[in-house]
Amino acid sequence: MRPDPDHARFAASRAHQARAHRRIPGGAHTYARGDDQMPEWMPVVIDRGAGAHVWDLDGNRLIEYGQGLRAVTLGHAEPRVSAAAAEWLGRGASFSRPSRIELEAADTFLDLVGAQTVKFCKDGSSATTAAVKLARAATGRDIVAICTDHPFLSQDDWFIATTPLAAGVPQAVRDLTVGFPYGDLAALADVLDRHRPACVVMEAVRDEADPTAYLRACVRLCRERGVVFVLDEMITGFRWHAGGAQGLYGLDPDLSAWGKALGNGHSVSALAGRRDLMAMGGLAAPAERVFLLSSTHGAETHSLAAAVAAMQIARDEDVASQLMRQGARLRRGVAQAVRQRGVEGLVGTKGRDSNLVFFTRDRDGRACQSYRTLFLQELTRRGVLAPSFVVTTAHTDAVVDQTVDAVAGALAVYTQALDAGTTDGFLVGRPVQPVFRPRVGAVWTDNAAVPAHSPSPPNP
């Protein structure tokens, strides 16, 4: 491994993570934020954020993309959202009775997305799992059908059982979830007819193609068979359209689950849907009552206040269009830098302009984690933290243009590695790893890969 000229730039972050791994399994509370997702010598532990930028423990200022795993659409610490949250922090965070902000948040949400009823909670998994429970209670069926082309629907057993990380999930639970491929109506109809599931759970989109006709057909197939259609709006909600994918594509799901951008990074999510279904968890349940979304912090006042402010901004300022515009500028700039280096098809962007990701391939056109890590490494060296290219409204023209300059610089190193046929001599340390892998293969401690059989991690 060659010496890293920027080794000292991230020394405080590395020392922090060496301690964190002794206290926190994986060194972070979210797998997507794990050290195995970043170049080895650049763990980047955030101290603060403002707008499109973050500052790490070493004082490095970086442009950040994919802010909060797509939870932030307005930039970090958006003043109006922060002020709304701060006002309710001064009033109190949680009481023994409902607070005034709960109805205000419900009214704002329902007026915006067009649903009939809503219950708020703290994370997306709680919302999607509550939808599954409602569907099972309403239909008397146990099977759940999911679209297998979408990467994440819940941390709970009904979904995790379908991933390589199914350890700890009983086989009986694994057998209750079946899958179907996106875009294949015949396959969906076959799953519905063979398994008679309680519900279908899926995200609206997989690529840039217009999914309107397909999604409406999915809803129709479910309605014809008495299957509850659940739309996961975690990513599409407020990023595709102020009314989510259902607003953009004219859909009428039975239930929909929301989170991420709902509160511009504050902890709030929602389950929305038909009044008759949601009433099963209320005080006037027509049949056996469902225990639905009852948590101590589900209606935390300052998070709901942040959500109200963020939703009002999304509605009044057409945030989704701003995200599309800035994402398109970034996509064009990256494409130009790629053309100038002659690596079309090996590096590039994909996805909706408001939700761009990038791909990295080797000289033979194969997806490659080593080359992805090299690209991340060189972007980070140039002041861009980019696990994706997902923008916010704080990613101004100047910020996007700075990013394109960093991409051009990173590609200069990337093409040298392509010409050499290897990242050896260019990449510092080990490559990043997929989140969903059943064997770790190494213990991530002080940002070096230690063999899993090692009796104890080295001292920091």
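Computed from a prediction, not measured in an experiment: that's the story for all the values here.

A. Molecular detail of the sheet that holds strand β8 (residues 228-232). Strands sit in the order β4-β10-β9-β8-β7-β5-β6 across an open sheet of seven strands; the sheet is mixed. Each edge of the sheet is formed by a strand with only one pairing partner; in this case those strands are β4 (117-121) and β6 (177-180). Adjacent strand axes in the sheet meet at a mean angle of 20°, parallel and antiparallel pairs treated alike. Alignment of strand β5 (residues 144-147) against β6, held across four bridges, turns out to be parallel. When the bridges of β6 are listed, V144 appears paired with T177. Against the sheet, helix α9 (residues 212-224) touches β6, β7 (199-203) and β8, its axis set at about 165° to β7.

B. Structural context of the state of the cysteines. With the rule as written, the count across this model stands at zero disulfides. Free of any disulfide, C222 has its nearest neighbouring cysteine sulfur in C218, separated by 6.9 Å.

C. Representation of the sheet that holds strand β1 (residues 46-50) within the structure. One open sheet holds the four strands; their spatial order is β1-β2-β3-β13, and the pairing between them is mixed. What marks the edges here is a single partner per strand, and that holds for β1 and β13 (384-385). Where strand β2 (residues 53-56) and strand β3 (residues 61-64) come together, three bridges link them in antiparallel fashion. Note that in β3 the partner of H53 across the bridge is I63.

Calculation notes
Starting from 1, residues in each chain are numbered consecutively following that chain's sequence as written. Owing to the predicted nature of the model, reporting of local features is limited to residues with pLDDT of at least 70; listing and counting of side-chain atom pairs is limited to 80 or more, with chain, interface and lining totals taken over all residues. Side-chain calculation: all heavy atoms of the structure are included, whereas hydrogens and water are not. A pair of strands counts as paired when DSSP detects no fewer than two bridges linking them. A run of H or I in DSSP counts as a helix once it spans at least four residues, and a run of E counts as a strand once it spans at least two, with each numbered from the N terminus. What counts as an axis is a line fitted to C-alpha atoms, over the stretch in contact for a helix, and the angles between N-to-C directions run from 0 to 180 degrees. Contact criterion: two residues are considered in contact whenever any of their non-hydrogen atoms come within 4.5 Å of each other. Cysteine sulfur atoms are paired as a disulfide whenever they fall within 2.5 Å.

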